[in-house]
Amino acid sequence: TKCKLMIVSQNPVPQPQIILENNPLELVHTYKYLGININDKLDWDNQWHRVQKQTQSIPYLIITMRRLGFNEKTLVNTFRSLALSHFIYSAPLLSYSNFKIKSEMSSFQNRILRIIYISKEKANKQYNITTIDDLIEKNNLKTMDAITADHNHPLTKKLVKTKRLRQTRSNFNFAIDKPRTTVYANNF
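Predicted model only: the values in this text are computed from it and were never measured.

Examining unusual backbone geometry
Right, so step 1: If you check the backbone angles, asparagine 22 has positive phi at about 65° while not being a glycine.
Right, so step 2: Summarising the element assignment, asparagine 22 is placed in the loop between β1 (19–20) and β2 (23–24).
Right, so step 3: On the accessibility criterion, asparagine 22 (73% relative accessible area) is exposed.
Right, so step 4: At tyrosine 117, a position not held by glycine, the phi torsion is positive, near 70°.

Considering the packing of helix α1 (residues 45–55) against helix α5 (residues 99–116)
Right, so step 1: Across the interface, α1 lies against α5 with an axial gap of 11 Å and an inter-helix angle of 20°. Viewed along their axes, α1 and α5 adopt a mutual orientation that is roughly parallel. Taken as a pair, α1 and α5 cross one another with a handedness that is left-handed. Where α1 abuts α5, its residues Asp45, Trp48, Gln52 and Thr55 lie against Ile101, Glu104, Met105 and Phe108.
Right, so step 2: Considered class by class, the residues forming the contact of α1 with α5 number 4 nonpolar, 2 polar and 2 charged.

Concerning the side chain of aspartate 45
Right, so step 1: Along the chain, aspartate 45 falls in helix α1.
Right, so step 2: No salt bridge is formed by the buried aspartate 45, whose closest oppositely charged neighbour, lysine 100, lies at an N-O distance of 8.3 Å.
Right, so step 3: Apart from the residues lying within four places of it in its own chain, the contact partners of aspartate 45 are Asn98 and Ile101.

Structural notes on a nonpolar patch on the surface
Right, so step 1: Together, Val28, Tyr31, Tyr33, Leu34, Ile38, Leu42 and Tyr89 make up an exposed nonpolar region whose accessible area comes to about 740 Å².
Right, so step 2: Relative to the assigned elements, tyrosine 31 resides in strand β3 (residues 30–33).

Digging into the packing of helix α3 (residues 72–89) against helix α7 (residues 132–149)
Right, so step 1: Contact geometry for α3 and α7: axes closest at 9 Å, N-to-C directions at 50°. What the angle tells us is that α3 and α7 run oblique. In the crossing of α3 with α7, the sense of the turn from one axis to the other is right-handed. Counted together, Leu84, Phe87 and Ile88 of α3 and Ile132, Leu135 and Asn139 of α7 form the full contact between these two elements.
Right, so step 2: Of the residues in the contact of α3 with α7, the class split is 5 nonpolar, 1 polar and no charged.

Quick word on the nonpolar core
Most often, soluble globular proteins keep nonpolar side chains buried together rather than apart.
Right, so step 1: Ile62, Phe79, Phe87, Met105 and Ile116 are the most contacted members of the largest nonpolar core, which totals 27 residues.
Right, so step 2: Contributions of two or more residues to this core are made by α1, α2 (58–67), α3, α4 (91–94), α5, α6 (120–127) and α7.
Right, so step 3: If one sorts the elements of this core by residue count, α5 sits on top with 7 residues.

Regarding α7
Right, so step 1: When the terminal C-alpha atoms of α7 are compared, their 26 Å separation across 18 residues agrees well with the 26 Å that a helix rising 1.5 Å per residue should span.
Right, so step 2: Inspection of α7 places Ile132, Leu135, Ile136, Asn139, Asn140 and Ile147 among the buried residues, and these make up the whole buried set. What you see down the axis of α7 is that its buried residues fit within an arc of 130°, all on one side. Those residues of α7 that are exposed and angled more than 90 degrees off the buried face are Lys142, Asp145 and Ala149.

Some words on the packing of aromatic side chains
Aromatic ring pairs are described here by two measures, namely the spacing of the ring centres and the angle between the planes.
Right, so step 1: Applying the stated criterion to the full structure yields 2 aromatic pairs.
Right, so step 2: Between phenylalanine 87 and phenylalanine 108, the aromatic rings sit 6.1 Å apart at their centres with planes inclined by 40°, giving tilted as the arrangement. Taken as a pair, phenylalanine 87 in helix α3 and phenylalanine 108 in helix α5 lie far apart in primary sequence, 21 residues in all.
Right, so step 3: Accessibility expressed as a relative area gives 0% for phenylalanine 87, which makes it buried.
Right, so step 4: Residue phenylalanine 108 is classed as buried on the basis of its relative accessible area of 12%.

The rules we used
Residues numbered from 1 in each chain as written. Predicted model: local features only at pLDDT ≥ 70, side-chain atom pairs only at ≥ 80, totals over all residues. Heavy atoms only, no water. Helix = DSSP H or I, 4+ residues; strand = E, 2+ residues; numbered from the N terminus. Buried < 20%, exposed > 50% of the residue type's maximum accessible area, 1.4 Å probe, protein only. Axes fitted to C-alpha atoms, helices over the stretch in contact; angles between N-to-C directions. Parallel < 35°, antiparallel > 145°, perpendicular 65-115°, else oblique. Left-handed = near helix turned anticlockwise from the far one by under 90°. Contact = heavy atoms within 4.5 Å. Nonpolar A, V, L, I, M, F, W, Y, C, P; charged D, E, K, R; others polar. Lys, Arg positive; Asp, Glu negative; His and termini not counted. Salt bridge = Lys/Arg side-chain N within 4 Å of Asp/Glu carboxyl O. Patch = residues over 30% accessible without salt bridge, like charges linked within 9 Å, V, L, I, M, F, W, Y side chains within 5 Å. Areas by Shrake-Rupley, 256 points an atom, 1.4 Å probe, with all protein chains shown as cover. Core = buried A, V, L, I, M, F, W, Y, C linked by side-chain atoms within 4.5 Å. Expected span 1.5 Å × (residues − 1). Arc of directions from axis to C-beta. Phe/Tyr/Trp six-rings, centres within 6.5 Å; stacked < 30°, edge-to-face > 60°.

Okay, structure coming up:
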């Protein structure tokens, strides 16, 4: 016997209409705000594609500068100011990137270092340029430290309020176990 497969088209779920001051808001799939690409799925891969697009001409620029006789320090400063600044600005979002995108970011940096003719070790030792993953992690930790040090920051106020609430509701002290492995210790 033959089986027939019948596909019944379902009506899409209607999108909720949000009204602000008697004006309906337009539903968009992506939105750029302060240089950050936000989409309706909270998928941060678009942010990498934006950074990639803005930095794609930098290798050619550095090759041209090297041919014109610019010294190594100037080439590194050019890389740092034109490329790494985008990585630092986008660090909170790029930290959520998948392995493929992190690999692409690393390949981009390695390509620039090869163009400048410096090794990763020399870049780290002499110019304090670490891997992209380390750069992103250090920037995120620096941002988090700044937030927790600022007592007027909304997140810090919420953390303090939550801590006080816990203390008044019960006598149970929350304790964090000491990590037993380096993988656990390095897990953000």
